[in-house]
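Residues per chain, in single letters:
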Amino acid sequence: MKEFYTLISKKIYYSVVFMIMALIMIGLLLGNPRFGEYDAGYMLHIGLAIVLIACLLLYPKYEHHIFRIIIIVVASAFLYTIFFLYPETRSTFIFLCFIPAISILFFDSKLFYFSLLFNGLSFTIIFNYIFLMDHDNVYVYFKQDLVGNVINFLASQAIIYLIYHFTNVRMRKQKLYYEQLQNSERLKTTGQLAAAVAHEIRNPLTVVKGFLQFYREKDTAFDDEAKGHFTLMIDELNTAEQVISQFLSIAKPDKNIKMELVNVKVILQSVTDLLRSYGLLHDNTIELNVDDNCFICANSIEYKQLMINIIKNAIEASNLGDSVTVNAKRKNDFVEMEVIDYGCGMSEAEVAALGTPFYSLKSNGTGLGLMICYHIIEKYNGTISFQSSEGKGTTVTLCLPAIKPV
Ligand code: ADP
Ligand code: MG
């Protein structure tokens with residue numbers, strides 16, 4: 001119900017279904033040559049009409065892939081039946097040509113290809129039947145120009161395919177644009193937040209930390225146990241300071257930051273060496289496969305920060321003993337990097353929330369790592385995407401513009 005009604009309003013859907021229902025009823029009762037005979041053909045017409053209307057009325061409640069297939073099959077059966085039952089009505093042939101168009105309504109590519117194939121197959125069967133078996137020339141309109149009808153059928157399928165293809169590409173582009181808009185909106189809010197947080201919290205923290213350090217080093221009024229507590233407090237304050245610094249790096253980006261030719265292989269080697277010991281805490285290993293020709297223009301510290309955040313998340317998501325794979329290769333004008341883990345994975349809603357400030361599902365997480373990654377990626381005109389499946393793992397794909405070393 002949810003997805004369908006976001007695309008089409010309930011009122012419009014039911015109005016159209018009622019209109020179809022009325023047309024089907026009129027077709028059954030008014031001027032129908034079989035009306036009153038109640039033979040098997042007419043009963044089949046009535047039966048399929050009832051099933052089709054029931055399916056259309058029930059669809060919003062059971063919005064499911066299988067149900068869509070059922071609708072296409074029932075609609076095809078209904079339209080092919082009226083084609084067979086009323087050979088004197090020339091226009092029923094038009095409906096056969098447009099069966100795959102019904103599936104465009106659902107924007108389900110598998111369903112579309114299924115209906116295209118299913119219709120092609122059904123048409124081949126009726127074509128052969130009429131060509132070989134119709135000795136009494138019942139389907140005279142169809143037979144009069146057999147080749148022309150086949151050409152029309154094929155052309156209509158090609159047009160429907162083109163309509164579907166272009167609409168689909170356009171919709172995907174719009175979706176991507178919308179996601180990018182959401183991300184940049186997120187970053188804007190983050191920047192404003194960062195400035196406020198940094199100003200309000202950083203100074204008092206520094207004062208408190210300074211006094212704690214002073215009392216720990218100098219004052220004799222405190223015993224060793226109390227001084228141990230001071231050390232803990234200072235550690236916590238350091239963590240808080242680190243979070244604020246991360247924020248600040250977004251709010252006030254350093255304009256003089258040095259851009260250089262970065263050898264992806266060298267940096268990834270040093271990052272994975274650094275994180276290997278972190279992974280060993282839970283017996284996680286890191287596998288690295290990097291091509292030699294991967295160079296980008298970036299600030300190496302920022303690039304390291306980006307990769308550390310992503311690989312660290314992969315290790316933290318992994319189960320005991322699992323490995324994390326890091327791949328990097330040249331792909332046209334980009335360097336494509338993949339960080340693959342076989343850990344807890346994420347639901348679609350969780351993936352959509354990534355990059356939101358403070359979004360973290362970890363008890364000790366800051367929820368800032370990915371926000372910084374999005375920021376860095378945007379700065380370098382790159383892209384980042386997540387393919388994740390709950391319980392199976394996650395693949396993070398990063399693309400950054402490649403450059404040729406001189
Ligand atoms: P943090 O690591 O501090 O929680 P991040 O911004 O790095 O913050 O990540 C945000 C959240 O995204 C994490 O808490 C985690 O739930 C989810 N996440 C990120 N990467 C992965 C991954 N590879 N597998 C599963 N969940 C992930
Ligand atoms: Mg993280």
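Residues numbered from 1 in each chain as written. Chains lettered and ligands numbered in written order. Predicted model: local features only at pLDDT ≥ 70, side-chain atom pairs only at ≥ 80, totals over all residues. Heavy atoms only, no water.

### Some thoughts on the side chain of Thr272
Defined as follows: Secondary structure elements follow DSSP: runs of H or I no shorter than four residues count as helices, runs of E no shorter than two count as strands, and numbering proceeds from the N terminus. Burial status follows relative accessibility: with a 1.4 Å probe on protein chains alone, a residue under 20% of its type maximum counts as buried, one over 50% as exposed, and anything between as partly exposed. For the purposes of these results, a polar contact is taken to be a pair of N or O atoms within 3.5 Å, where, inside protein, one atom must be able to donate a hydrogen and its partner to accept one; residues adjacent in sequence count only when each atom of the pair is a side-chain atom. Note on definitions: a residue-residue contact is assigned when non-hydrogen atoms from the two residues lie within 4.5 Å.
Here Thr272 shows up in helix H11 (residues 264–280). Under the relative-accessibility criterion, Thr272 is labelled buried at 0%. For Thr272, the side chain forms a polar contact with the main-chain oxygen of Gln269, separated by 3.0 Å. In this structure, Thr272 is in contact with Ile286, Leu288, Ile311 and Val326, ignoring residues within four places of it in sequence.

### Here's the deal with the site of ligand 1
Threshold: In these notes, residues near a molecule or strand are those with any non-hydrogen atom within 4 Å of it. Working definition of accessibility: Shrake-Rupley area with a 1.4 Å probe, residue cover restricted to the visible protein chains.
For ligand 1, the set of nearby residues contains 20 residues, the closest of which are Asn313, Ser360, Lys362, Thr366 and Leu370. Side-chain polar atom of Lys362 to an oxygen atom of ligand 1: 2.7 Å apart, as the coordinates give it. Within the backbone of Leu370, a nitrogen or oxygen atom sits 2.8 Å from an oxygen atom of ligand 1. Considered on its own, ligand 1 offers 540 Å² of accessible surface; in the complex 92% of this is hidden by protein.

### Brief notes about the environment of Asn284
Residue position: Asn284 is located in the loop between H11 and strand S2 (285–290). Here the alpha-carbon distance between Asn284 and Met43, two residues 241 residues apart in the chain, equals 67 Å. In contact with Asn284, other than residues within four places in its own chain, are Gly279, Ile315, Ser318, Asn319, Leu320, Gly321 and Asp322. At 2.9 Å, the side chain of Asn284 and the backbone oxygen of Asn319 are in polar contact.

### Concerning the packing of aromatic side chains
Note on aromatic pairs: each is described by the distance of the centres and the angle between the planes. Spelled out, the test is: Stacked, tilted and edge-to-face pairs are distinguished by plane angle, under 30 degrees for stacked and over 60 for edge-to-face with tilted covering the rest, among Phe, Tyr and Trp rings (Trp via its six-membered ring) whose centres lie within 6.5 Å.
Applying the stated criterion to the full structure yields 25 aromatic pairs. Aromatic side chains Phe83 and Phe142 sit 5.7 Å apart centroid to centroid with 80° between the ring planes, which places their arrangement in the edge-to-face category. Separated by 59 residues along the polypeptide, Phe83 in helix H4 (residues 65–85) and Phe142 in helix H8 (residues 140–144) bring together distant segments of the chain. Plain terms: the ring middles of Tyr113 and Tyr161 are 6.4 Å apart, the flat faces sit at 45° to each other, and that makes the pair tilted.

### Describing helix H3 (residues 40–58)
Rule in force here: The span one expects for a helix is its residue count, reduced by one, times 1.5 Å. For this quantity, the arc is that covered by the directions from the helix axis to the C-beta atoms.
Taking 1.5 Å of rise per residue, the 19 residues of H3 would be expected to cover 27 Å, and the 27 Å separating its terminal C-alpha atoms lies within 8% of that figure. When H3 is considered as a whole, its buried residues turn out to be Gly41, Tyr42, His45, Leu48, Ala49, Leu52, Ile53, Cys55 and Leu56. Viewed end-on, H3 has its buried residues packed into an arc of 160°, placing them on one side of the element. Relative to its buried face, H3 has exposed residues pointing more than 90 degrees away, namely Ala40 and Ile50.

### Concerning the packing of helix H12 (residues 300–317) against helix H14 (residues 369–379)
To keep things clear, this is the line we draw: For helices, the axis comes from a line fit to the C-alpha atoms of the stretch in contact; other axes are also lines fit to C-alpha atoms, and the angle between any two N-to-C directions lies between 0 and 180 degrees. Oblique is the label for every angle not falling under 35 degrees (roughly parallel), over 145 degrees (roughly antiparallel), or within 65 to 115 degrees (roughly perpendicular). Left-handed is the label given to a crossing in which the near helix is rotated counterclockwise from the far helix by less than a right angle, and right-handed is the label when the rotation is clockwise. Throughout, the ten residues Ala, Val, Leu, Ile, Met, Phe, Trp, Tyr, Cys and Pro are labelled nonpolar, Asp, Glu, Lys and Arg are labelled charged, and all others, Gly among them, are labelled polar.
Between H12 and H14, the shortest axis-to-axis distance is 9 Å and the interhelical angle comes to 140°. Considering the angle they form, H12 stands oblique to H14. By crossing handedness, the relation of H12 to H14 is classed as left-handed. Taking contact as the criterion, the partners of Glu302, Gln305, Leu306, Asn309, Ile310 and Asn313 in H12 are, on H14, Gly369, Leu370, Ile372, Cys373, Ile376, Ile377 and Lys379. Of the residues assigned to the contact of H12 with H14, the class counts are 7 nonpolar, 4 polar and 2 charged.

### Considerations on the sheet that holds strand S6 (residues 383–389)
To keep things clear, this is the line we draw: Pairing between strands requires that DSSP locate at least two bridges from one strand to the other.
Taken together, 5 strands build an open sheet; the order of strands is S2-S4-S5-S7-S6 and the sheet is mixed. In this open sheet, the two edge strands, each paired with only one partner strand, are S2 and S6. On average, adjacent strands in this sheet sit at an angle of 15° to one another, irrespective of strand direction. As judged from the 7 bridges shared by strand S4 (residues 323–331) and strand S5 (residues 334–341), these two strands associate in the antiparallel manner. Looking at S5, one finds that Asn327 is bridged to Glu338. Together, S2, S4 and S5 form the strand contacts of H11, whose direction differs from that of S2 by roughly 175°. Its contacts with the sheet place H12 against S2, S4, S5, S6 and strand S7 (393–401), and it is angled at close to 25° to S5.

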